[in-house]
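# Survey of secondary and tertiary structure
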Amino acid sequence: MTQAECVRHVTSGTRKEVCSSVVIAAPQVKRRKNPLCSRCSLFICFCLWSLSVAIMNVTLAVKQYISKMIEISGPGMKVLLMDKETTSIVSVVYTQSEILQKEVYLFERIDSQNRDNMKHLKAICFLRPTKENVEHLIQELRRPKYSVYFIYFSNVISKSEIKALAEADEQEVVAEVQEFYGDFIAVNPHLFSLNLQGVTRGRSWEPSMLARCTQGLTSVLLALKKCPMIRYQLSSDMSKRLAESVKQIITKEYELFDFRKTEVPPLLLILDRSDDAITPLLNQWTYQAMVHELLGLNNNRIDLSRVPGISKDLREVVLSAENDEFYANNLYLNFGEIGTNIKNLMEDFQKKKPKGQQKLESISDMKAFVDNYPQFKKMSGTVSKHVTVVGELSRLVSERQLMEVSEVEQELACQNDHSSAQQNVRRLLQNPRVSELDAVRLVMLYALRYERHSSSILSSLMDELSRRGVSERHRRMVQAAVEYGGKRIRGSDLITPTDAVSITKQFFKGLKGVENVYTQHQPLLHDTLDQMIKGRLKDSQFPYLGASSLRDRPQDILVFMIGGATYEEALTVYNLNRSTPGVRIVLGGSNIHNTKSFLEEVMSATGPSSSSNRAHGGGFHSSRR
């Protein structure tokens, strides 16, 4: 390889017949049209695959990238070299056994110091383009441990860093360097996360977090081949700054975003979590959301080690809709339906075993059945896993009296009866079986809902928390929640509708009642997207970045929530995608929150000791974020 030279090949699928190559040879850079150049063993190729585009599916986009990496490396035994973040990116969409089938037999971290020389292996490197990773890679190339290297960065990498890699490759072991834009966690097909906690300092961006959110968001746009018009929440300066930062990257890397024009341009909507602080505080009753709220989902993994009597093989389980048919089919069903579906599945199996049949009337009956039938457990490990998970959810619901707690939460979020609300909150605070977390968030919901009510009893409820033994730090979280998402901060009418249409809708909803008192609430995101789809979202509240605006109904919408999204909002997007033909929505957030992680976010944004709050996991002894 020529150390002073590197060729950067730019392609966009099959759209162009020739590549735009950039020869980087100090001290000048010149551009030319040219087929792929074979003079240099290190080149960079921007590859954008088209199948994921047709259906706005972030999971499929990442899976295609990983499959392509392995395919390009050709036959033979391989090692997959990753960093901490790309390890999560890969593990969420592929199981280890699936990748093993593609001749990838070893998984290593680029920062590991204890790797052996294995010249019989090809190395596939999938890394974020950080300075640390580039330095690790430079050191790797100077003393290569593998026969050949296929290097893939999850985002745009600078020319200077490519040149540094070229100069380090003295032994000419690098086959190619490519940018594959999988710089995000694909949680569900329509949901992605950046796994970032504490993105703000006060009402402003933590600088490194602004850069990371910009990278993650532009990566999603490139993966889905979208060059969007951008709208942002006017009441949030952070939303505007992120919108401008994304636009700056689109302008700078205009060749990457030179996609085929569509009749209706795609739309990127940037929102701020502080506009709806109520949604992350509510208990959930659909399967995925409930698991995250009560057990904690971390890159599809659940820690069950603290479950009483748990068997060794179930101390950590994986819930992935890509590889678990039962989970995929029950993701958005409510708790009652899930229990029924597990029972039906097990009864179907029982029919094949005429001896020793028993009735399955409860979760405990199901767990006993699984324990008593090793053959069943072996054949249906998936069912065994879900029986355990649902059993633990059931135990927590009963132990913490969550049905009663949730009913009052829904009343606070959806109804306007202060007299009833204060009585119910006070009654639950005096119930010793209500957990500290549930007690604190009930008072938070009351504080947000009746922040300026003339007969507010907030001070009395705070005294009640003190009598329960709730620490001062946790009591301060109530005020922090109001500072984070109170009326002074919000740009929307989250609590009390002021326009005639919203008031009428709320009135008729009250007349009809609801089918399920535990799922009355709809996130603010539902109304925002509904208004956007109907062309009624106000430019005065959600302006466009730049002079252009969209006159037609949007078709492809990407929503990003600064401060984190929730699984309840993901359910809203899922339902809108199903009920609105021609409209495809993808939701993303700096994180996917449950109540514990959201309170960490709130304390980070409002408290001076934000780093201490994160280090102590929000104070509720959470084992998961």
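Computed from a predicted model, the values in this text were never measured in an experiment. (Residues numbered from 1 in each chain as written. Predicted model: local features only at pLDDT ≥ 70, side-chain atom pairs only at ≥ 80, totals over all residues. Heavy atoms only, no water.)

Turning our attention to the overall build of the chain. The secondary structure content of the chain amounts to 24 helices and 21 strands. When burial is assessed residue by residue, the chain has 56% of its 625 residues classed as buried. Sequence-distant contacts in the chain: of pairs separated by 6 or more residues, those separated by 24 or more amount to 78%. Carbon together with sulfur atoms contributes 49% to the accessible area of the chain, which is approximately 27,400 Å² in total. (Helix = DSSP H or I, 4+ residues; strand = E, 2+ residues; numbered from the N terminus. Buried < 20%, exposed > 50% of the residue type's maximum accessible area, 1.4 Å probe, protein only. Contact = heavy atoms within 4.5 Å. Areas by Shrake-Rupley, 256 points an atom, 1.4 Å probe, with all protein chains shown as cover.)

Moving on to the confidence of the model for the chain. Mean pLDDT for the chain: 83, with 80% of residues reaching 70 or above. A low-confidence stretch, residues 497-514 (pLDDT under 50), is modelled with ten contacts involving residues beyond four sequence positions or located in other chains. Every residue in residues 609-625 is under pLDDT 50, and counting partners more than four places away or in other chains gives 44 contacts. (pLDDT = per-residue confidence, 0-100.)

Of all six residues that make up strand 15 (residues 267-272), six are buried, and the element is covered over most of its length. On strand 15, burial covers both faces: L267, L269 and L271 on one face and L268, I270 and D272 on the other are all buried. Read as a crossover between parallel neighbours, the route from strand 14 (residues 229-232) over helix 8 (residues 237-252) to strand 15 is left-handed. Taken together, the six bridges between strand 15 and strand 18 (residues 556-562) define a ladder with parallel strand orientation. For L268, the partnering residue across the bridge sits in strand 18 and is L558. (Right-handed = clockwise from strand over helix to strand, strands pointing away. Pairing = 2+ DSSP bridges.)

We now examine the environment of T279. Relative to the elements of secondary structure, T279 occurs in the loop between strand 15 and helix 9 (287-294). The class of T279 is buried, set by a relative accessible area of 1%. A sequence separation of 287 residues divides T279 from T566, and the C-alpha atoms of the two residues are 7.6 Å apart. Leaving out residues up to four positions away in the same chain, T279 has contacts with R273, Q284, H521, P523, L524, T566, E568 and E569.

Next up on the list: helix 21 (residues 524-533). Residues three or four positions apart in an α-helix share a direction because the helix packs 3.6 residues into each turn. With eight of ten residues buried, helix 21 is to be regarded as a mostly interior element. The set of residues buried in helix 21 consists of L524, L525, H526, T528, L529, D530, M532 and I533.

So, about unusual backbone geometry. Positive phi is not limited to glycine here, since K225 has a value of about 55°. With respect to the element layout, K225 can be found in the loop between helix 7 (207-223) and strand 14.

Along strand 18, seven of the seven residues are buried, which leaves the element largely enclosed by surrounding structure. Burial along strand 18 is two-sided: the residues D556, L558, F560 and I562 and I557, V559 and M561 are all buried. Pairing between strand 18 and strand 20 (residues 584-589): six bridges, direction parallel. Within strand 20, the residue paired with I557 across the bridge is I585.

A cluster of nonpolar side chains, M77, L100 and Y105, forms an exposed patch at the surface whose accessible area comes to about 270 Å². With respect to the secondary-structure elements, M77 resides in the loop between helix 2 (58-72) and strand 5 (78-82). (Patch = residues over 30% accessible without salt bridge, like charges linked within 9 Å, V, L, I, M, F, W, Y side chains within 5 Å. Salt bridge = Lys/Arg side-chain N within 4 Å of Asp/Glu carboxyl O.)

A few words on the sheet that holds strand 15. If you trace the six strands from one edge of the open sheet to the other, you get 10-11-20-18-15-14, paired in mixed fashion. The open sheet is flanked by strand 10 (185-188) and strand 14, the only strands paired with a single partner. Direction aside, neighbouring strands of the sheet carry axes that sit 25° apart on average. Across the sheet, helix 7 is in contact with strand 11 (191-193), strand 15 and strand 18; its angle to strand 18 comes to roughly 165°. (Axes fitted to C-alpha atoms, helices over the stretch in contact; angles between N-to-C directions.)

On to the packing of helix 5 (residues 131-142) against helix 6 (residues 159-168), then. Remark: helix 5 packs on helix 6, axes separated minimally by 8 Å, with the N-to-C direction vectors making an angle of 15°. Classified by the interaxial angle, the pair formed by helix 5 and helix 6 is roughly parallel. Of the two possible hands of crossing, helix 5 and helix 6 adopt the one that is right-handed. Facing helix 5, whose interface residues are K131, V134, L137, I138, L141 and R142, helix 6 presents E161, A164, L165 and A168. Partitioning the contact of helix 5 with helix 6 into residue classes produces seven nonpolar, no polar and three charged. (Parallel < 35°, antiparallel > 145°, perpendicular 65-115°, else oblique. Left-handed = near helix turned anticlockwise from the far one by under 90°. Nonpolar A, V, L, I, M, F, W, Y, C, P; charged D, E, K, R; others polar.)

This part covers the pattern of salt bridges. According to the stated counting rule, one finds 27 salt bridges in the structure shown. Note that D324 and K385 form a salt bridge whose closest N and O atoms lie 3.0 Å from each other. Here the residue D324 occupies a position in the loop between strand 17 (316-318) and helix 10 (325-330), and K385 occupies one in helix 14 (residues 381-399), the gap between them amounting to 61 residues. There is no split in this pair, since D324 and K385 are both buried. Through salt bridges with shared partners, a single network forms among E293, R400, E409, D438 and R441.

So, on to helix 22 (residues 567-579). For helix 22, built from 13 residues, the straight-helix expectation of 18 Å at 1.5 Å per residue is met to within 8% by its first-to-last C-alpha distance of 18 Å. When helix 22 is considered as a whole, its buried residues turn out to be Y567, E568, E569, A570, L571, T572, V573 and L576. (Expected span 1.5 Å × (residues − 1).)

Moving on: the side chain of K145. On the secondary structure map, K145 appears in the loop between helix 5 and strand 8 (148-153). The buried charged residue K145 lacks any salt bridge, with E140 as its nearest oppositely charged partner at 4.2 Å. Beyond its immediate chain neighbours, meaning those up to four positions away, K145 contacts R115, D116, N117, M118, K119 and E140. (Lys, Arg positive; Asp, Glu negative; His and termini not counted.)

Right, let's talk about the environment of L529 for a bit. Counting through the fold element by element, L529 comes out in helix 21. Classification of L529 as buried rests on a relative accessible area of 0%. As a C-alpha pair, L529 and T572 span 43 residues in sequence and 9.5 Å in three-dimensional space. Once you skip the residues sitting within four places of it in the chain, L529 turns out to touch I557, V559, V573, L576 and I585.

Bringing the packing of aromatic side chains into the picture now. Taken as a whole, this structure holds twelve aromatic pairs when the rule is applied. By the ring-pair criterion, three or more aromatic residues cluster together here, those being Y65, Y152 and F180. The ring of Y94 carries K63 above its face, with NZ or CZ at 4.9 Å from the centroid. Taking NZ or CZ as reference, R449 lies 4.9 Å from the ring centre of Y450, over its face. (Phe/Tyr/Trp six-rings, centres within 6.5 Å; stacked < 30°, edge-to-face > 60°. Lys NZ or Arg CZ within 6 Å of the ring centre and 35° of its normal.)

Our focus in this paragraph is the side chain of T572. Along the polypeptide, T572 turns up in helix 22. For T572, the contacting residues outside a window of four places in its chain are P523 and H526.

By the element assignment, V443 lies in helix 17 (residues 436-449). With 15 residues separating them along the chain, V443 and L458 place their C-alpha atoms 7.5 Å apart. Sequence-distant contacts of V443, defined by excluding residues within four places in its chain, comprise L429, L458, L461, M462, L465 and V478.

This part covers a positive patch on the surface. Taken together, R203, R452, K487 and R488 make up a surface patch of like positive charges. Relative to the elements of secondary structure, K487 occurs in the loop between helix 19 (472-485) and helix 20 (500-512). Residue K487 is classed as partly exposed on the basis of its relative accessible area of 46%. (Charge placed at Lys NZ, Arg CZ, Asp CG, Glu CD.)

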